[in-house]
Amino acid sequence: MEETPKRKELTLAHRQSAYCIIYQSLKNGALPHGIFSSTAKLFKVSKSTIGRLWRDTNVNIADEGVTAFAILTNTDFFETKSKNRGRPLKWNREEVREEVRNVPLSLRQTWEGLSHALKVPASTLR
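A. Representation of helix H5 (residues 93–102) within the structure. Among the 10 residues that make up H5, 1 are buried, leaving the element largely open to the surroundings. The backbone nitrogen of Glu94 has a side-chain oxygen 3.1 Å away, supplied by the residue at the start of H5, namely Asn92.

B. Region of interest: the nonpolar core. Counting residues in each nonpolar core, the largest one holds 18 residues, and the members touching the most others are Tyr19, Val45, Ile50, Ile61, Ile71 and Phe78. Mapped by element, the contributors of at least two residues to this core are helix H1 (12–24), helix H2 (35–43), helix H3 (47–64) and helix H4 (68–71). Contact partners of Ile61, with chain neighbours within four places excluded, come to Tyr19, Val66, Thr67, Ala68, Ile71 and Phe77.

C. Molecular detail of the packing of aromatic side chains. Counted according to the given criterion, the structure contains 2 aromatic pairs. Seen in terms of ring centroids, Tyr19 and Tyr23 are 6.1 Å apart; in terms of plane orientation they differ by 15°. Their pairing is stacked. Remark: Tyr23 and Tyr19 occur in helix H1; sequence separation between them is 4 residues, near one turn of the helix. On the basis of relative accessible area, Tyr19 is assigned to the buried category, the value being 1%. Taking relative accessible area as the criterion, Tyr23 reaches 28% and is therefore assigned partly exposed. A ring pair is formed by Tyr19 and Trp54, whose centres lie 5.0 Å apart and whose planes are at 25°; its orientation type is stacked. Of this pair, Tyr19 sits in helix H1 while Trp54 is found in helix H3, placing the two residues 35 residues apart along the sequence. Considered together, Tyr19 and Trp54 belong to a single accessibility category, that of buried residues. Every member of this aromatic cluster is reached through a ring pair, and the members are Tyr19, Tyr23 and Trp54.

D. Looking closely at unusual backbone geometry. The backbone of Asn28 shows a phi angle near 55°, a positive value even though the residue is not glycine. With respect to the helices, strands and loops of the structure, Asn28 is situated in the loop between H1 and H2. A residue is classified by how much of its surface remains accessible, and Asn28, at 86% relative accessible area, is exposed. In this structure, Lys44 takes a positive phi of about 60° despite not being glycine. Within the secondary structure, Lys44 sits in the loop between H2 and H3. Owing to a relative accessible area of 48%, Lys44 belongs among the partly exposed residues under this scheme.

E. Focus on the confidence of the model for the chain. Of the residues in the chain, 90% have a pLDDT of 70 or more, and the chain-wide mean is 83. Model confidence for the chain, summarised as mean pLDDT per element, is weakest for H4 at 74 and strongest for H2 at 92.

Rules behind the numbers
- Residues numbered from 1 in each chain as written.
- Predicted model: local features only at pLDDT ≥ 70, side-chain atom pairs only at ≥ 80, totals over all residues.
- Heavy atoms only, no water.
- Buried < 20%, exposed > 50% of the residue type's maximum accessible area, 1.4 Å probe, protein only.
- Helix = DSSP H or I, 4+ residues; strand = E, 2+ residues; numbered from the N terminus.
- Polar contact = N/O pair within 3.5 Å; in protein donor to acceptor, adjacent residues only side chain to side chain.
- Core = buried A, V, L, I, M, F, W, Y, C linked by side-chain atoms within 4.5 Å.
- Contact = heavy atoms within 4.5 Å.
- Phe/Tyr/Trp six-rings, centres within 6.5 Å; stacked < 30°, edge-to-face > 60°.
- pLDDT = per-residue confidence, 0-100.

Here it is as structure tokens:
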């Protein structure tokens, strides 16, 4: 039996294609037996990945109130990664840069002096 890789992320185009294949195989609103397995083999992922794609996409369709046919041409609908990742910044970089320009040169000689003048940690300035 052929092993599939442990973790493989489907591209947007592959996610859309997999959803189209499953959607087109619907018969009277029901999925035929083995469609997740055959689609998973086609894209070399596990059938649980395809099942999760089907479930999550249908939940998004219900939440946004669009038809399944309308999303087949929209790849943005299959985007899974959040645009905003990581910890939010505590200090606005542009504001800090502007404040550094306003500090007199005599106080900007060291990181410690600059951080005391701005009341901002030195690690933020580096």
